[in-house]
Amino acid sequence: MAIQYECPDAPARIEALALAVAGLEAPPEAAGALYTAAVGAAAGLCGRNDIPRAMEPALALILADLYREGLHRPVSAVKRGDTTITYAAGGEGRMADTRALLKPFVRLQTV
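Quick caveat: nothing in here was measured; it's all calculated off a predicted structure.

Cut-offs used in this document
Residues numbered from 1 in each chain as written. Predicted model: local features only at pLDDT ≥ 70, side-chain atom pairs only at ≥ 80, totals over all residues. Heavy atoms only, no water. Helix = DSSP H or I, 4+ residues; strand = E, 2+ residues; numbered from the N terminus. Buried < 20%, exposed > 50% of the residue type's maximum accessible area, 1.4 Å probe, protein only. Contact = heavy atoms within 4.5 Å. Expected span 1.5 Å × (residues − 1). Arc of directions from axis to C-beta. Axes fitted to C-alpha atoms, helices over the stretch in contact; angles between N-to-C directions. Parallel < 35°, antiparallel > 145°, perpendicular 65-115°, else oblique. Left-handed = near helix turned anticlockwise from the far one by under 90°. Nonpolar A, V, L, I, M, F, W, Y, C, P; charged D, E, K, R; others polar.

Undergrad: Describe the environment of alanine 42, and please don't skip the residues or the numbers.
TA: Here alanine 42 shows up in helix 2 (residues 31-46). Given a relative accessible area of 1%, alanine 42 falls into the buried group. Residues alanine 42 and leucine 101, 59 residues apart in the sequence, show an inter-C-alpha distance of 9.6 Å. When neighbours within four sequence positions are excluded, alanine 42 is seen to be in contact with Met55, Leu59 and Leu102.

Written as structure tokens, this is what we have:
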């Protein structure tokens, strides 16, 4: 599914805002993959194949979060005997925050 932007300079504007929000001067090494993941997830959650200009700040906030933390939840503890890995809280909260940011842009989907 090809994503269409309302404004042709939207990707650069979204990335610049994400960098500013994340407090970074340069994008991380995996910036392209993280950008693609953020836009794809947002479009999928909203049932859209377009990104309106009003949606750009929400995408920038999601992307800034990915720039800071990546796609993985941080590990808070590792136990090696019988291998137990405990993840830090917040993974479910991030998804709730993402949905709340994108709620105004959701389109009804038919199956």
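Undergrad: An account of helix 2 is requested, with residue identities and associated values reported.
TA: With 16 residues, helix 2 should cover 22 Å at 1.5 Å per step; its first-to-last C-alpha distance of 22 Å lies within 8% of that length. Taken residue by residue, helix 2 has Ala31, Leu34, Tyr35, Ala38, Val39, Ala42, Ala43 and Cys46 as its buried positions. For helix 2, the angular spread of buried residues about the axis comes to 155°, placing them on one side. Of the exposed residues in helix 2, the ones pointing more than 90 degrees away from its buried face are Ala33 and Thr36. In the segment just after helix 2, glycine 47 is the residue with positive phi, at about 65°.

Undergrad: Help me get a handle on helix 3 (residues 56-69), residues and values and all.
TA: Here helix 3 contains 14 residues, and its C-alpha end-to-end distance of 20 Å stays within 8% of the 20 Å for a straight helix at 1.5 Å per residue. Of all 14 residues making up helix 3, 10 are buried, and the element is well covered by its neighbours. Burial in helix 3 covers these residues: Glu56, Ala58, Leu59, Ala60, Ile62, Leu63, Ala64, Asp65, Leu66 and Tyr67. In the segment just after helix 3, glycine 70 is the residue with positive phi, at about 75°.

Undergrad: Please provide a residue-by-residue account of the packing of helix 2 against helix 3, values included.
TA: For any two helices packed against each other, the geometry is given by the interaxial angle and the distance between the axes. Two elements in contact, helix 2 and helix 3, have axes whose closest approach is 10 Å; the angle formed by their N-to-C orientations is 135°. Taken as axis vectors, helix 2 and helix 3 run oblique relative to one another. Here the hand of the crossing between helix 2 and helix 3 comes out right-handed. Residue-level contacts link Ala31, Leu34, Tyr35, Ala38, Val39 and Ala42 of helix 2 to Leu59, Ile62, Leu63, Leu66 and Tyr67 of helix 3. Considered class by class, the residues forming the contact of helix 2 with helix 3 number 11 nonpolar, no polar and no charged.

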